Amino acid sequence: MIRFFNTLSGRVEDFRPLQPGRVGMYTCGPTVYDYAHIGNFRSYIFEDLLKRFLIMAGFRVRHVMNITDVDDKTIQGARDRAVSLEEFTRPYVDAFFQDIRKLNILPADVTPRATEHIPEMVRLVRVLLDKGFAYSKDGSIYFSIAKFPSYGRLSKIDPAGLQPGRRGDSDEYAKDSVRDFALWKKAKEGEPSWPTELGDGRPGWHIECSAMSTAYLGETFDIHCGGVDNIFPHHENEIAQSEAASGKPFVRTWLHCHHLIRDGEKMSKSKGNHLTLRDLFERGVDPLDLRFLLLGTHYRKTLNFTFAALEQAAASRKRLQDFVYELGHMSLSPGETPAAREAADEARLKFAEGLGDDLNISTALTSVFELVRKTNQLAADGALRAQDAEILRGVMKDLDGVLGVLDFRDEDSLPERLRFMIEERETARRAKDFRLADRLRDALLREGVHLEDTKDGVRWKYRKTAPRR
Ligand code: AMP
Ligand code: ZN
């Protein structure tokens, strides 16, 4: 059985999706007013791990991730630069998709943009007005938290601290100022707005996610994720809006990722302690090393970013990458050893059990490194056979389907040209043209291809590191 910690219940629970075999999952995507920082990517990588694990466990996952391209911050940014909202957000949207590719994050099935779903938001606000959960004031529309008695269930806010009737227009505010929040904000001079039946205006941030998640996943769906800073007010408000409108439970399981911190503080743009993927590129960091670092700490623990930790992650990942490479290039006698198959089965089982236990990544990674250790021992004892290596490589490939940190393309990615040079050298050797053979050998070496002549023929190792995505 798979178990996850549900922020809503505050407990680890058995995971049972609404429809057997299928999972509907919504993750809050980027607000495209700047480049995403690696703190944001900790959350996206955690969500990617969760999704890949569910896929490995046999579920068909429908993943929706929104793009917030209209809110207080994007509007402010466009104003500061005196450009349209679209012009301002476009480069950040493009950069986001490039970044997730480099980090080997599977793209969502749908990535709806807020600006393209205004009618859905208007409809939802209309329902809230008709049902008496919302009211108009000076051309804007607010959600009345007094009308929704279970307000605060997700963030565990003390209802005594609520101040119904107090209103605020900003999208973000702290727990100590719980209040009626804006669903629809009246048009202001110099701000983008949409002419709608609610009047000229634009949506509040929270209604965007309620409208877009329902549009693609229905009124009730299985999983909703984000970073812990999303719990209040964003997710609390999403629940209030959606459940007030539909009269049904909104989300069954809420999972939240804890923060990436730096020098003891949450990594964020406002604190100025953030790093983007571009910053790390400039220092020569491989994005897959960053991915390995960010997914290596359990999602419900704070993770402190340091360059030393990043180097350590890179070294561990290299061990796994070298292992996979060796498995594909060892010269072994045919046959198989039961011990190798046992080790492989055990690794698969422990890996899945670990992740099924609220994504216990330490257990999962331990099972992988255990497999490396046992295999190396078998090889040292001369017990490893050709079929074992094939099976083990297959297991590593499957487990990496979840981790997403390794490259299995080394053999295929040996360029045609280099393959041809290896063959040419063989021909030269057979013709006893050793000068040509040596020249070809040196040329191949300069390209990262190491040749080794064995009694079974020539073997090669391609030491070019994983191609950049
Ligand atoms: P934003 O673009 O600010 O809406 O944030 C996008 C996602 O990143 C949200 O799920 C946030 O909760 C998450 N996030 C922001 N800062 C951090 C951080 N330092 N560590 C982990 N997740 C974060
Ligand atoms: Zn959201």
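For the structure, see preceding data.
Nothing here was measured: the structure is a model prediction, and the numbers come from that model.

Engineer: Even after reading the chapter, I still don't get the site of ligand 1, so can you show me in this structure?
Structural biologist: Surrounding ligand 1, one finds 16 residues, the nearest of these being Gly 39, Ser 43, Asp 229, Leu 260 and Met 267. For ligand 1, an oxygen atom lies 3.1 Å from a polar atom in the side chain of Asn 40. Asp 229 places a side-chain nitrogen or oxygen 2.4 Å from an oxygen atom of ligand 1. A total of 490 Å² of accessible area belongs to ligand 1 in isolation, and the protein chains cover 93% of it. Counting only elements with at least two residues in the shell around ligand 1, the list comes to helix 1 (38-56) and strand 11 (221-227). Take the shell around ligand 1: its biggest share by element is four residues, from helix 1. Here the residues of the shell around ligand 1 sort into four nonpolar, 10 polar and two charged.

Engineer: For this particular structure, what's the right way to read the nonpolar core?
Structural biologist: Across soluble globular proteins, nonpolar side chains have a tendency to be buried as a group. In terms of nonpolar packing, the biggest core is built from 126 residues, with Phe 143, Tyr 151 and Met 396 touching the most fellow members. No other element matches helix 1, which puts nine residues into this core. Ignoring sequence-local partners within four residues, the contact set of Phe 143 consists of Leu 128, Phe 133, Ala 134, Tyr 135, Phe 148, Asp 180, Phe 181, Leu 183, Ala 240, Gln 241 and Ala 244. In this structure, Leu 418, Met 421, Leu 440 and Val 449 belong to the second largest nonpolar core, which totals 11 residues.

Engineer: Help me understand the coordination of the zinc ion (ligand 2), please; the structure alone is not making it clear to me.
Structural biologist: When a metal holds four donors in a tetrahedron, each ideal angle between them is 109.5 degrees; when it holds six in an octahedron, the ideal angles are 90 or 180 degrees. Looking at the zinc ion (ligand 2), the protein donor atoms are Cys 28 (SG), Cys 209 (SG) and His 234 (NE2), and they sit 2.0 to 2.2 Å from it. If you list the donors of the zinc ion (ligand 2) from N- to C-terminus, the spacing comes out as C-x180-C-x24-H. Of this pair, Cys 28 sits in the loop between strand 3 (22-27) and helix 1 while Cys 209 sits in helix 5 (residues 205-217); the two residues are 181 residues apart in sequence, bridging distant segments of the chain. The pair Cys 28 / Cys 209 is uniform in exposure class, with both members buried.

Engineer: How do you make sense of the pairing of strand 8 (residues 180-186) when you look at a structure like this?
Structural biologist: On a regular strand, one side chain projects to one face of the sheet and the next to the other, so that they alternate. The buried count for strand 8 comes to six of seven residues, which makes it a mostly enclosed element. Bridge count between strand 6 (residues 140-143) and strand 8: three bridges; the pairing is antiparallel. The partner of Phe 143 across the bridge, within strand 8, is Phe 181. Of the strand pairs in this sheet, strand 7 (residues 167-168) and strand 8 are connected by two bridges, and their pairing is parallel. Paired with Arg 167 across the bridge in strand 8 is Asp 180. Alignment of strand 8 against strand 10 (residues 199-203), held across three bridges, turns out to be antiparallel.

Engineer: I would appreciate a short explanation of the pattern of salt bridges in the present structure.
Structural biologist: Oppositely charged side chains can pair when the atoms bearing their charge come close. For the coordinates displayed, the defined rule picks out 33 salt bridges. We note a salt bridge from Arg 278 to Asp 99, for which the minimum N-O separation is 3.2 Å. Here the residue Arg 278 occupies a position in helix 7 (residues 277-282), and Asp 99 occupies one in helix 3 (residues 85-102), the gap between them amounting to 179 residues. Linking Arg 348 and Asp 398 is a salt bridge whose minimum nitrogen-to-oxygen distance equals 2.8 Å. Pair noted here: Arg 348 is in helix 10 (residues 338-356) and Asp 398 is in helix 12 (residues 386-403), with a separation of 50 residues, a long-range link. Look at Arg 348 and you get partly exposed, because its relative accessible area is 35%. Assessed through its relative accessible area of 38%, Asp 398 is described here as partly exposed.

About the cut-offs
- Residues numbered from 1 in each chain as written.
- Chains lettered and ligands numbered in written order.
- Predicted model: local features only at pLDDT ≥ 70, side-chain atom pairs only at ≥ 80, totals over all residues.
- Heavy atoms only, no water.
- Near = heavy atom within 4 Å.
- Polar contact = N/O pair within 3.5 Å; in protein donor to acceptor, adjacent residues only side chain to side chain.
- Areas by Shrake-Rupley, 256 points an atom, 1.4 Å probe, with all protein chains shown as cover.
- Helix = DSSP H or I, 4+ residues; strand = E, 2+ residues; numbered from the N terminus.
- Nonpolar A, V, L, I, M, F, W, Y, C, P; charged D, E, K, R; others polar.
- Core = buried A, V, L, I, M, F, W, Y, C linked by side-chain atoms within 4.5 Å.
- Buried < 20%, exposed > 50% of the residue type's maximum accessible area, 1.4 Å probe, protein only.
- Contact = heavy atoms within 4.5 Å.
- Donors = N, O, S within 2.8 Å, 3.2 Å for Na, K, Ca; no water.
- Pairing = 2+ DSSP bridges.
- Salt bridge = Lys/Arg side-chain N within 4 Å of Asp/Glu carboxyl O.

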